[in-house]
Amino acid sequence: MERRGPAGPQSLDFTVENVEQALHQLYYDPNIENKNLAQKWLMQAQVSPQAWHFSWLLLNLDKVPEIQYFGASALHIKISRYWNDIPADQYESLKSQLFSQITRFASGSKIVLTRLCVALASLALSMMPDAWPCAVADMVRMFQAEDSNVDGQARCLALLELLTVLPEEFQTSRLPQYRKGQVRSVLAQECGSVFPLLEQLLQQQDSPGFIKQKVLKCFSSWVQLEIPLMDCENLIQAAFTSLQDPELFDTAVEAIVNAISQPDAQRYVNTLLKLIPPVLGLQEQLRQAVQGGDMETSHGICRIAVALGENHSRALLDQVQHWQSFLALVNMIMFCTGIPGHYPVNETTSSLTLTFWYTLQDDILSFEPDKQAVYQQVYRPVYFQLVDVLLHKAQFPSDEEYGFWSSDEKEQFRIYRVDISDTLMYVYEMLGAELLSSLYDKLGRLLTSTDQPSSWQHTEALLYGFQSIAETIDVNYSDVVPGLIGLIPRISISNVQLADTVMFTIGALSEWLADHPVMINNVLPLVLQALGNPELSISSVSTLKKICRECKYDLPPYAANIVAVSQDVLMKQIHKTSQCMWLMQALGFLLSALQVEEILKNLHSLITPYIQQLEKLADETPNPSNKLAIIHILGLLSNLFTTLDISHHDDDHESTEVKKLPVPQGPNPVVVVLQQVFQLIQKVLSKWLNDAQVVESVCAIFEKSVKTLLDDFAPMVPQLCEMLGQMYSTIPQASALDLTRQLVHIFAHEPAHFPPIKALFLLVTSVTLTLFQQGPRDHPDIVDSFMQLLAQALKRKPDLFLCSSLDVQAVFQCGVLSLKFPEALTVKASCGFFTELLPRCGEVPPVGQVVHENGKLLLQAVLEGIGGQASRSLMDHFAEILFALSKHCFSCLSVWMKAAMQQEGFPSARLSPEQKDTFSQQILRERVNKRRVKEMVKEFTLLCRGLHGTEYTADY
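Thresholds, definitions, all that
Residues numbered from 1 in each chain as written. Predicted model: local features only at pLDDT ≥ 70, side-chain atom pairs only at ≥ 80, totals over all residues. Heavy atoms only, no water. Helix = DSSP H or I, 4+ residues; strand = E, 2+ residues; numbered from the N terminus. Expected span 1.5 Å × (residues − 1). Buried < 20%, exposed > 50% of the residue type's maximum accessible area, 1.4 Å probe, protein only. Contact = heavy atoms within 4.5 Å. Arc of directions from axis to C-beta. Phe/Tyr/Trp six-rings, centres within 6.5 Å; stacked < 30°, edge-to-face > 60°. Lys NZ or Arg CZ within 6 Å of the ring centre and 35° of its normal. UniProt positions renumbered as here; feature names shortened; annotations may be inferred. Salt bridge = Lys/Arg side-chain N within 4 Å of Asp/Glu carboxyl O. Axes fitted to C-alpha atoms, helices over the stretch in contact; angles between N-to-C directions. Parallel < 35°, antiparallel > 145°, perpendicular 65-115°, else oblique. Left-handed = near helix turned anticlockwise from the far one by under 90°. Nonpolar A, V, L, I, M, F, W, Y, C, P; charged D, E, K, R; others polar. 1 Å grid on protein atoms, 1.4 Å probe; cavity = no way out; pocket = protein on both sides within 12 Å on 5 of 7 lines; lining within 4 Å. Points joined across faces, edges and corners; volume = space filled by probe spheres on them. Core = buried A, V, L, I, M, F, W, Y, C linked by side-chain atoms within 4.5 Å.

Attention now goes to helix H27 (residues 537-550). In this model, H27 (14 residues) spans 20 Å end to end at C-alpha, consistent with the 20 Å of a helix rising 1.5 Å per residue. Taken across its 14 residues, H27 has ten buried, putting it largely inside the fold. Residues of H27 that are buried: Ser537, Ser539, Ser540, Val541, Ser542, Thr543, Leu544, Lys545, Ile547 and Cys548. Residues of H27 that are buried sit in contact with helix H24 (496-508), helix H25 (510-515), helix H26 (520-530), helix H28 (556-571) and helix H29 (577-592).

In C-alpha cells form, the structure reads like this:
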C-alpha cells in the first residue's frame, strides 16, 4: 500500500510524527513537487498553535539535527512574530526552558544551538526593559554559574553565541519604532556586563584561538548598536593586538572596521586620535605583506586605514595641532592606493581607497577660505602625487601579460579605470588648470624625449587622464589643448588600447574643436583611418559622431571624404549593427550643414546601394535571414533621418548663431528621399505585415523623421496616414498607433494637414474597438499604445471626441477594461487616458454624457485596483483619477462612492464600515491638493491589503 505523504492533504494534523515525516520528505524525496508541498505544509505548521507543543519534542537529543533545527526555528518564529499570543504569566517558564535547552545543546549541534540562542534573544528583546530588566547581565550570570554536566569551554561558547546573536536579532527584529529606541538604549547600557567579560577572555593567555575569534565576532556585533567609541577603546586596542595572530586577523579587522565606522564615532575625537598611532603601527606589517604577495593581509590593513580616514576625515582635519599624524595616515592610504601590481590580478586593495580621496577633498573645500588656504598648501602636493599614482595604476600591463588575463579580469580592470577616471575628474576641482598643464608637460616630455623610448602604456595613461577631465569639464579656455592637439599626430600608435584612448580623447575635445575649427584637420585623418579598423569600432565611430555633431558647420570642406570613407566601411560591413547606426547618425549631422543640392547628391550615393538591396529583398520570399537584412537597412535609414535636420531645431542658439545657414526653401531632402522610397516600403510591408519587428522598423523611419522635421514633414502626411490605415486595418500593431500619436501631437493645430490624421484616428479607433470585442488580453502592447493615443488626442485635439463616428461610450468602456489588465504599463496608460478625459466633461458634451452614464463603472474599477487587484506601484495613478472625478464630477462621485462602499466586502473584506466611510469623506473633501489624495490612497490600499502598520510599509 502506498505511503501517504504528510504534505498531501492540507488538513493533516500538526503532530510530531507528521512534522518529522514532512521534514524527511523535504530533505530526501527526489520529487520536487513533493518537496514543495512538504515545505508549504511545514511553513503552516511553524505558525500553528500546535507549534508550541511539537517544537520542544523535536528538540529531544535522540532526534537528528535537521529535526532539532526545525523545532528551534519554530520556537523563534512563534516568539518573534506572535509575541502578543503569549500570556505574561508564561514568560518566566519559557525563559527557563530556553536556558535549559541552550545548556543541553552547548556541546551539541552548533546550528541548533544558534537557533535556540536567536529564540532566547528574541524573547529578551520583547521582555526588556520592564518584564526582564537586566536581561544581558542575567545571561552572563547564568552561564558563568558552575554546571557539572557541561564543561566550561562549551558554556563559554554558548554564552558568546547568545551575546553575538542578541544585537543581530535586534537589527532585524519587528519591534515597533518607539520600542526599538527604548530597547537600543537598554542594550547600550548593558554593554557594561558584556565588554569586561570580552576583554578578560581576549587577554587571558590560556584562551584558545576559537574562543578569541568568537569574542571578536561578539564585539563586532555589539558595536553596531552605536556604543560610545570610548567604551570600546580597550577592546579595539585588544583587536589591534590580535592582528598579529594570522588565525584571528580577519575577525579582528572586521571588529576594528565596524567599531571605527559607526556614525556616532566622530563625536569621540580624543579616542579617534588615540587610534591613529596603532593604525600607523601597521605599516611595517603592510609592507611585508605587499612584498610577500599576501593580498589578504594588505587588504585587511588597508580597510582599517581607510575606515578611519574616510569616516572621520573632517573630525581629524579639525584637530589642527595633530595635522602631522593625520597627514601620516593620508600617506599610508596613498601607499594603499599605489600598492604595487596590476588590479585585479596582483592586488585588489587600491580600489578600496578611491572614495577616501573624494571625502578628504570635500572636507578640505568645505572649510572657510582662510582655513582652506592652509590645508590647500599642505594637500595640493598630496593630490598631485595622487594623480601620478592613479595614472600609474591605470596603465595596462604588457601585451604578453594582458593576453593571459581572463575576460572577467579585463572587465574588472575596465571598471577600475572608469573609477580612476571619475576620481581624476573630481580632483580637477581642487587642482584646476595646473593639473592639465602638468599632464601636458609630462606627455610632451614623453613624446619628444630621445633618451629612451617610452612605453605605449605610459603614453596611453597620460592621454586617459586628459580624456577623463575633458569629457566632463569645460576645457575650452585651457591654453594647453592646442598643444595637445598638436601632439596627438606624433603619437606612434602601435596598439589597440592606445588607439582607442587617442580616439576617445579626440572625441572628448570635439566641443573645443568646434571653437577652434582650424585644428580639425590635425585629427580628422586619424579618425577616418581608424574607422577601417574593426577593433576600434566603438571609439572611432563615437568620436566621428561627436565631431559631426559639434563641428558640423566647419565640416563641409571634409564632407566628401567623410562620406566616402563611411560608405566604404559600411559596404565592407566592418562594424556591428549598433556602430553602423551611430555612423548613420554622424552622417545625418554632417549632411545637415550642407546646401540642399549637396545633401541630395550625398544622400543619393549613400542610400542607393541600400535601396537596391531592399528592392531585391522585397522580391524574395520572407525568411529569417532576409528579415534581419531588411531590419538593418530600415534601421540605417531611421538613424540617418534622426539627425538630418536642415532647419537646425536642435541647435544651441548661442554657440551657432554666427554660423547658422539660411533655412532653404523647397522640399526637405528627407521628405524627397522618403517619397522616392515610399512605394518600396509599402511593397516590403505587404509581405511582412505579420511581423511586428519589421512593421516597427518601418514605423521607426517615419516616427524619427516626424520628430526631427516637425512641420517640414507635412507633405508626407496624406500618404503616410493612408498607409498606416491600411496596415492597421489588416493587422493591428502597437507601433502604428505610436506613430499615429506622434502625428496627432505635431499636426493637431494644422487645419491644412489635420483631415487625413483625423480620418486615421477614427479608423484605428474603430479597428481597436473591434479588437476589444474579440478579446484584447493577448495584446497588452496595443491596448497600452491605444490608451496613450486617446490621451494625446484629448490633450492636443479634444474636438476629435465630437465626431459623430466616434463611439465615445465604447472607448470609455475599453478604458475601464484596460484598468483591470495585469500589466502595470497598460494600467498606467489607461489611468493617463482618464486623467485627460475627465476634465473635458464640461467642454465636450459627448464626453460629459458618457461619464455621467458610466462613471460608476470607472469608480468601481479604480476602487478594485486600490483594494488589492492592482500593483501598489500604480496607486498614484489611481489617485489621479479619483482627484479628477472629485474636481470635475463631484455631485456624481458622492452618489457613486456611497453606492460602491455599501457593497459587502468591497473593495476589500479587511475593511470596517468606518474605514470605508472615512476614506469616502476624505476623497470627497479634498478637491485642491492632489498630493493629499495620493497619500490617502496609499494609506487606504495598505488597509485593504492588511499591510497597514507592518514592516512592508517602511519604504512605501
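Moving on, we get to helix H14 (residues 283-291). Along H14, the positions that sit buried rather than exposed are Gln285, Leu286, Ala289 and Val290. Angularly, the buried residues of H14 cover 135° about the axis, an arc narrow enough to put them on a single face. Looking at the buried side of H14, the elements it contacts are helix H12 (249-260), helix H15 (295-317) and helix H16 (323-337). Of the residues trailing H14, Gly293 is marked for its positive phi of about 70°.

What follows deals with the packing of aromatic side chains. One pass over the full model with this rule turns up 25 aromatic pairs. Here the aromatic rings of Phe54 and Phe70 are separated by 6.4 Å at their centres, their planes lie at 15°, and the arrangement is stacked. Note that Phe54 is positioned in helix H3 (residues 51-58) and Phe70 in helix H4 (residues 65-81), a separation of 16 residues in sequence. For the pair shown, Phe54 and Phe70 are each scored as buried. Between Phe356 and Trp357, the aromatic rings sit 4.9 Å apart at their centres with planes inclined by 70°, giving edge-to-face as the arrangement. Here Trp357 falls in the buried class, since its relative accessible area comes to 1%. Cluster of aromatic residues (ring-pair linked, three or more members): Tyr343, Phe396, Tyr402, Trp405, Phe413, Tyr416 and Trp456. For Arg417, the ring lying beneath its charged end belongs to Tyr464, and the centroid distance is 4.0 Å.

Further remarks concern the environment of Gly281. Mapped onto the elements of the fold, Gly281 is located in the loop between helix H13 (269-280) and H14. With 361 residues separating them along the chain, Gly281 and Thr642 place their C-alpha atoms 62 Å apart.

Okay, the UniProt feature "domain: Importin N-terminal" (unreviewed entry) in the protein chain next. UniProt marks residues 38-104 with the feature "domain: Importin N-terminal" (unreviewed entry), using the numbering shown here. Summarising residues 38-104: 73% helix, 0% strand, and an end-to-end C-alpha distance of 29 Å.

One pass over the full model with this rule turns up 31 salt bridges. Ionic pairing is found between Asp876 and Lys938, a salt bridge with its closest N-O pair at 4.0 Å. In this pair, Asp876 sits in helix H42 (residues 875-888) while Lys938 sits in helix H45 (residues 930-945), placing the two residues 62 residues apart along the sequence. When its relative accessible area of 27% is taken as the criterion, Asp876 is described as partly exposed. By relative accessible area, which is 30% here, Lys938 ends up partly exposed. One salt-bridge network, in which partners are shared between bridges, spans Arg314, Asp318 and Lys371.

This part is about the packing of helix H38 (residues 780-796) against helix H39 (residues 808-818). In the contact formed by H38 and H39, the axes pass within 11 Å of each other and the chain directions differ by 130°. Judged by the angle between their axes, H38 and H39 are oblique. Here H38 runs over H39; the crossing is left-handed. Judged by residue contacts, Val783, Met787 and Leu790 of H38 engage Val811, Cys814, Gly815 and Ser818 from H39. Its residues assigned to classes, the contact of H38 with H39 shows five nonpolar, two polar and no charged.

On to empty space enclosed by the protein. Scanning the entire structure with this criterion turns up one cavity of 30 Å³ or more. Lining the largest cavity are Val223, Ile227, Pro228, Leu229, Cys232, Ala259, Gln262, Asp264, Ala265 and Tyr268.

The interhelical angle for the contact between H24 and H27, taken along N-to-C directions, is 15°, at an axis separation of 8 Å. It follows from the interaxial angle that H24 and H27 lie roughly parallel. Judged by the sense of rotation from one axis to the other, the crossing of H24 with H27 is left-handed. When H24 is examined against H27, the residues Asp500, Met503, Phe504, Ile506, Gly507 and Ala508 are found in contact with a partner set consisting of Ile538, Ser539, Ser540, Ser542, Thr543, Lys546 and Ile547. The class makeup of the residues in the contact of H24 with H27 is six nonpolar, five polar and two charged.

Residue placement: Gln467 occurs in helix H22 (residues 456-470). Residues contacting Gln467, with those up to four places away along its chain left out, are Thr501, Phe504, Thr505 and Ala508.

Before going further, it helps to spend a moment on the layout of surface pockets. Think of a ball as big as a water molecule: rolled over the atoms, this probe shows where empty space is left. What the largest pocket holds in volume is close to 700 Å³. Surrounding the largest pocket, 27 residues form its lining, Phe396, Arg414, Arg417, Asp500 and Phe504 being those nearest its centre. Sorting elements by how many residues they give to the lining of the largest pocket places helix H20 (residues 407-431) first, with nine residues. Taken together, the residues that form the lining of the largest pocket break down as nine nonpolar, eight polar and ten charged.

Quick look at the nonpolar core now. Among the nonpolar cores identified, the biggest contains 336 residues, and Trp222, Tyr379, Phe702, Phe713 and Phe801 are the most heavily contacted of them. At twelve residues, the largest contribution of residues to this core is made by helix H6 (residues 110-127). Setting aside its immediate chain neighbours within four residues, Trp222 contacts Val136, Leu163, Leu166, Pro167, Leu187, Cys191, Val194, Phe195 and Ile227.

What follows deals with unusual backbone geometry. The peptide bond linking Tyr343 to Pro344 adopts the cis configuration, its omega dihedral lying at 0°. For Pro344, the location among the structural elements is in the loop between H16 and helix H17 (354-365). Of note in this structure, Glu226 is not a glycine but carries a positive phi near 60°. Here Glu226 shows up in the loop between helix H10 (209-223) and helix H11 (233-242). Notably, Leu710 is not glycine yet its phi reads approximately 50°, a positive angle. Take Leu710: it is sitting in the loop between helix H34 (692-709) and helix H35 (717-730). A residue is classified by how much of its surface remains accessible, and Leu710, at 30% relative accessible area, is partly exposed.

Turning to the side chain of Thr768, a few remarks are in order. Inspection of the secondary structure puts Thr768 in helix H37 (residues 754-774). Thr768 gets classed as buried once you look at its relative accessible area, which sits at 0%. For Thr768, the residues in contact, after removing those within four places along its chain, are Tyr728, Leu737, Ile782 and Phe786.

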